[in-house]
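# Working through the structure, step by step
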Amino acid sequence: GEWILSELKALTEMLQPRTTYLAAEEGCVNGCCELRTPPRTGHPARTGAGLDKLLTLASLRTERVVLGGGEPFLRRDIQALLQQGLVLQMHGIWFYPTARPLASGQPLMEALWEALKDSLKRDVCRGIVAPLFSHEAKAHDKRALVEGALLQARAGMIRWKKAGGSVHAWLHLDQENISSLAEWVSWLADHGVSAASFLFGSSPSGWGGTPWADLPSMAAAGRAIRAVRSRAEKLGVSVSCFGIPECVLPDDKVPNAES
């Protein structure tokens, strides 16, 4: 009995999360504040020795490190973070931005862009996960609370892809957009997206969500996702879902993103 308990304890200690998520705590997650003047109040960004420790632990324990929770590219210490990642010999850091700061012409971004391109070449950083509400500008901008948000996000996604980075889209479902998932997937393929996760409800990464009153039924969402999967794969876009249980959308039909 004691041997079994010790083996179970060892197994539990070995099981580590595939993704380590570090909150940036900078900027606005829903686009409702000006990107050029991110807030300087609230929770402080993790810096210095504390960030060193988190990065070191993450690099040892996980397959993927993700920095998000605000606009990670607006961190005051973002260049130091990239340098720390290089020193720690980290590979494949991902970011959860709106992709808007990546659009050219943003003063804060232009000063950072060369460092990001170098980090991509060295594989210190690898990808972005961009939250999208629709492939139609009017619908996306209404959810993002910023006019022109989709246009800026589109420009940022394309710029990141051309620099050698990967683009993963988190697609927030609602009653209107489930009827046009085929067009949305085509739009994603045209903009360099290699993976798409359809979200039902809220994002686990703190990127907001769709109000419950605007959500379709889970059954309707599941049918729409199943119907678009083969089209997505033909276009080179892998599809998964989050927030729809396997009793409604079996994993052998569409994989469930990790929780």
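The structure this text deals with has already been given above.
Residues numbered from 1 in each chain as written. Predicted model: local features only at pLDDT ≥ 70, side-chain atom pairs only at ≥ 80, totals over all residues. Heavy atoms only, no water.

### A word on the overall build of the protein chain
- In terms of regular secondary structure, the protein chain is built from eight helices and seven strands.
- Looking at the protein chain as a whole, 47% of its 259 residues are labelled buried.
- Across the protein chain, every contact between residues at least 6 apart in sequence was considered, and the portion connecting residues at least 24 apart equals 78%.
- Here the protein chain displays about 13,000 Å² of accessible surface, and carbon together with sulfur accounts for 54% of that area. (Helix = DSSP H or I, 4+ residues; strand = E, 2+ residues; numbered from the N terminus. Buried < 20%, exposed > 50% of the residue type's maximum accessible area, 1.4 Å probe, protein only. Contact = heavy atoms within 4.5 Å. Areas by Shrake-Rupley, 256 points an atom, 1.4 Å probe, with all protein chains shown as cover.)

### Re helix H3 (residues 78-87)
- Listing the buried residues of H3 in full gives Ile-78, Leu-81, Leu-82, Gln-84 and Gly-85. Here the buried residues of H3 occupy an arc of 160° about the axis, which is enough to place them on one side.
- Just downstream of H3 lies Gln-89, where phi reads positive at about 60°. (Arc of directions from axis to C-beta.)

### Considering helix H8 (residues 218-234)
- In a regular helix each residue adds 1.5 Å, so 17 residues correspond to 24 Å; H8 covers 25 Å between its end C-alpha atoms and thus fits that length.
- The largest bend in H8 comes to about 35°, at Val-228.
- For H8, the full list of buried residues reads Ala-220, Ala-221, Gly-222, Ala-224, Ile-225, Val-228 and Ala-232.
- Once H8 finishes, Gly-236 follows within two positions and takes phi at roughly 85°, a positive value. (Expected span 1.5 Å × (residues − 1). Bend = angle between axes of the 7 residues up to and from the residue.)

### What about the nonpolar core?
- If you look at the biggest cluster of nonpolar residues, it comprises 52 residues, and the most contacted ones within it are Phe-95, Leu-116, Trp-160 and Ile-225.
- Setting aside residues no more than four positions away along its own chain, Ile-225 makes contact with Leu-173, Leu-181, Phe-198, Val-239, Cys-241, Ile-244, Leu-249 and Val-254.
- In terms of nonpolar packing, the next biggest core, distinct from the first, is built from seven residues, Val-66, Trp-94, Tyr-96 and Val-129 among them. (Core = buried A, V, L, I, M, F, W, Y, C linked by side-chain atoms within 4.5 Å.)

### A few points about the environment of Gln-84
- Among the structural elements, Gln-84 can be located in helix H3.
- Looking at Gln-84, the relative accessible area reads 18%, which means it is buried.
- In the structure, Gln-84 is positioned 40 residues away from Val-124 in sequence and 9.6 Å away in space, judged by C-alpha atoms.

### Side note on the packing of aromatic side chains
- Under the definition given, this model contains five aromatic pairs.
- Pairing Phe-73 with Phe-95 gives two aromatic rings, centres 4.8 Å apart and planes at 40°, and the pair type is tilted. In this pair, Phe-73 sits in the loop between strand S2 (64-68) and H3 while Phe-95 sits in strand S3 (residues 93-95), placing the two residues 22 residues apart along the sequence.
- Classification of Phe-95 by relative accessible area gives buried; the value is 0%.
- Put simply, the rings of Phe-73, Phe-95 and Trp-160 pair up and form one aromatic cluster. (Phe/Tyr/Trp six-rings, centres within 6.5 Å; stacked < 30°, edge-to-face > 60°.)

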